[in-house]
Amino acid sequence: MSTRSIGSAAIAACAAAWGGIGVVVRELDMPPLAIAFYQELQGVAVAAVVALVWRPAALRPPRPAVVALGVVLALHFACLYGAIGETSVASAVLVTYSAPIMIAMLAPALLREHISRVTVVALGVSAAGVAVISFAGSDGGGAVHAAGIALALGAAVTYALFIVLLKRWTADVNPLTVVMWQAAAAALVLSPAAVAGGYSLGARELGYLALLGVAITGVTGVIYVLALRHVPATTAGILGYLEPLSAVVLAAAFLGENPTAWVIVGGAAIVAAGVIVVLEDPRTEAEPVAPVGATRTPMPARRS
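Procedures and definitions
For every chain, the first residue of its written sequence is number 1, and the numbers climb from 1 along that sequence. Per-residue local features are limited, in this predicted model, to residues with pLDDT of at least 70; the limit for side-chain atom pairs, both in listing and counting, is 80 or more; totals at the level of whole chains, interfaces and linings are taken over all residues. Hydrogens and waters are ignored; side-chain quantities use all the structure's heavy atoms. Each helix is a run of DSSP H or I of at least 4 residues and each strand a run of E of at least 2, with the numbering of both proceeding from the N terminus. Working definition: with a 1.4 Å probe on protein chains only, accessible area under 20% of the residue-type maximum means buried, over 50% means exposed, and in between means partly exposed. Lines fitted to the C-alpha atoms define the axes, with helices restricted to the stretch that makes contact. Angles between their N-to-C directions range from 0 to 180 degrees. Should an angle fall under 35 degrees it is taken as roughly parallel, and over 145 as roughly antiparallel, whereas 65 to 115 is taken as roughly perpendicular and any remaining angle as oblique. Two helices cross in a left-handed way if the nearer one is turned anticlockwise from the farther one by less than a right angle. They cross in a right-handed way if the turn is clockwise. When checking whether two residues touch, look at their non-hydrogen atoms; a contact exists if any pair is within 4.5 Å. When residues are grouped by polarity, Ala, Val, Leu, Ile, Met, Phe, Trp, Tyr, Cys and Pro land in nonpolar, Asp, Glu, Lys and Arg in charged, and all others, Gly among them, in polar. Here a helix's expected span is defined as the number of its residues, less one, multiplied by 1.5 Å. Pairs of N or O atoms within 3.5 Å make up the polar contacts considered here, provided that, within protein, one atom can donate a hydrogen while the other can accept it, and that residues adjacent in sequence are counted only when both atoms are side-chain atoms. Note on ring pairs: Phe, Tyr and Trp rings are taken, using the six-membered ring of Trp, and paired if centres are within 6.5 Å. Classes follow the plane angle, with under 30 degrees stacked, over 60 edge-to-face and the rest tilted. Definition used for salt bridges: Asp or Glu carboxyl oxygen within 4 Å of a side-chain nitrogen of Lys or Arg.

### Some points on the overall build of the protein
Item 1. What the protein contains, in helices and strands, is 13 helices and zero strands.
Item 2. N-terminal to C-terminal, the α/β element order of the protein is α-α-α-α-α-α-α-α-α-α-α-α-α.
Item 3. Every one of the 304 residues in the protein was classed for burial, and the buried ones make up 54%.

### Thoughts on the environment of Val195
Item 1. Along the chain, Val195 turns up in helix H9 (residues 175-196).
Item 2. Relative accessible area serves as the criterion here: at 70%, Val195 is assigned to the exposed category.
Item 3. Sequence separation of Val195 and Ala34 is 161 residues, and the distance between their C-alpha atoms is 8.5 Å.

### What about the packing of helix H3 (residues 32-54) against helix H10 (residues 203-227)?
Angle between the axes and distance between the axes are the two parameters that describe a pair of packed helices.
Item 1. Interaxial distance between H3 and H10 falls to 8 Å at its minimum, and their mutual angle equals 45 degrees. On the basis of the axis angle, H3 is oblique to H10. Pair H3 / H10 crosses with right-handed handedness. Two secondary-structure elements touch here, H3 through Ile35, Tyr38, Gln39, Gln42, Gly43, Val46, Val50 and Trp54 and H10 through Leu209, Ala210, Leu212, Gly213, Val214, Thr217, Gly218, Val219, Val222 and Leu226.
Item 2. Tallied by class, residues from the contact of H3 with H10 come to 12 nonpolar, six polar and no charged.

### Points about H9
Item 1. Between the first and last C-alpha of H9 there are 32 Å, a value that for 22 residues agrees with the 32 Å anticipated at 1.5 Å per step.
Item 2. If you check the start of H9, you find a side-chain oxygen 2.8 Å away from the backbone N of Leu176, and it comes from Asn174.
Item 3. Two residues or fewer after H9 comes Gly197, characterised by a positive phi angle close to 75 degrees.

### What to know about the environment of Leu212
Item 1. Note that Leu212 resides in helix H10.
Item 2. The class of Leu212 is buried, set by a relative accessible area of 0%.
Item 3. Between the C-alpha atom of Leu212 and that of Trp18, which follows or precedes it by 194 residues, the distance is 9.1 Å.
Item 4. Setting aside its immediate chain neighbours within four residues, Leu212 contacts Ile21, Val24, Ile35, Gln39, Tyr81 and Thr217.

### Some details on the side chain of Ser88
Item 1. Tracing the sequence through the fold places Ser88 in the loop between helix H4 (64-86) and helix H5 (89-96).
Item 2. At a separation of 2.8 Å, a polar atom in the side chain of Ser88 contacts the side chain of Ser91.

### Some thoughts on the packing of aromatic side chains
Item 1. Scanning the entire structure with this criterion turns up six aromatic pairs.
Item 2. Each ring, one from Phe77 and one from Tyr81, has its centre 5.6 Å from the other, and the planes form 45 degrees; the classification is tilted. Residue Phe77 and its partner Tyr81 are both found in helix H4; the two are separated by four residues, about one turn of the helix. For the pair formed by Phe77 and Tyr81, the shared burial category is buried.

### Considerations on the pattern of salt bridges
Item 1. Enumeration over the complete set of coordinates arrives at three salt bridges.
Item 2. Between Glu27 and Arg204 there is a salt bridge, and its shortest N-O distance comes to 3.0 Å. Placement of Glu27 in helix H2 (residues 21-27) and of Arg204 in helix H10 is noted, with a sequence separation of 177 residues between them.
Item 3. You can call Glu27 partly exposed: its relative accessible area is 24%.
Item 4. A relative accessible area of 41% means that Arg204 is categorised as partly exposed.
Item 5. Among the salt bridges present, the one from Asp172 reaches Arg63, with a minimum N-O distance of 3.3 Å. Separated by 109 residues along the polypeptide, Asp172 in the loop between helix H8 (146-169) and H9 and Arg63 in the loop between H3 and H4 bring together distant segments of the chain.
Item 6. Among the residues examined, Arg63 registers a relative accessible area of 38% and is labelled partly exposed.

### Concerning the packing of helix H7 (residues 117-134) against helix H13 (residues 261-280)
Item 1. In contact at an axis separation of 7 Å, H7 and H13 are set at 160 degrees when each is read in the N-to-C sense. Taken together, H7 and H13 sit at an angle that is classed as roughly antiparallel. For the pair H7 and H13, the sense of crossing is left-handed. Packed against H7, whose contacting residues are Val118, Thr119, Ala122, Val125, Ser126, Gly129, Val130, Val132 and Ile133, the element H13 presents Trp262, Val263, Gly266, Gly267, Ala269, Ile270, Ala273, Ile276, Val277 and Glu280 at the interface.
Item 2. Grouping the constituent residues of the contact of H7 with H13 by class yields 13 nonpolar, five polar and one charged.

Dropping the structure here:
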């Protein structure tokens with residue numbers, strides 16, 4: 001098996017694993033900001049260990065602008081986890097996946113990249129998909145609520161801003177350095193929520209937090225950034241769309257959230273629009289979300 005095939009399989013596995021974020025967050029009876037804090041704190045620890053073993057130079061702090069990305073990342077996860085708590089996992093993740101379209105819209109202003117007619121059409125398709133999901137039914141386990149959709153849109157916007165700024169400020173920075181320091185900044189911003197309390201940290205909660213922070217965020221994040229060395233950006237972008245599919249399936253299996261037909265139709269429109277953007281111009285590709293990076297700690301792709 002070629003290194004490209006192995007890398008593609010690894011990225012697909014990571015995307016499928018990220019689909020479990022919604023289930024874990026829903027199972028935790030904790031404020032979204034506190035969950036995000038513990039996730040980022042563990043992300044720092046995993047990245048630091050990998051850096052110590054693999055590349056100690058990555059521990060050196062980068063310029064302040066790179067660290068400041070952690071603030072945007074904290075806002076993203078706050079919106080994403082808030083959305084998961086307010087609406088169905090499927091609708092929250094699918095709406096957050098409109099981020100690639102928003103990246104395509106932000107790129108001309110912040111990266112001076114041209115926006116094509118195809119991208120404009122994709123934006124319309126994605127917006128229609130979000131609208132369809134917003135008007136979906138509000139009964140049963142797969143209920144869709146306006147507050148959750150609004151937060152999911154916030155997650156999409158903040159993630160789009162994060163990726164665009166990531167491309168602008170970190171082209172010459174080691175990926176591990178970016179991951180560790182932005183996660184540290186995000187954890188610092190989110191720390192007041194953890195200190196505020198109002199929740200318990202028993203064995204069950206610690207287990208779920210470890211699953212989210214170490215396995216889903218830390219380990220898969222490292223695997224993903226290593227696999228990107230051997231996989232074209234377009235391939236990675238399309239494989240990333242396994243995450244919302246995984247999120248829908250896992251939410252139905254473990255939470256009993258069966259998406260309505262409207263959510264499926266709207267989600268299909270959002271995913272189709274995102275794939276169109278990735279195929280049109282890989283430079284506008286967003287790395288898999290989720291939150292959403294997840295949605296994990298997002299890492300800068302190394303273009304092949």
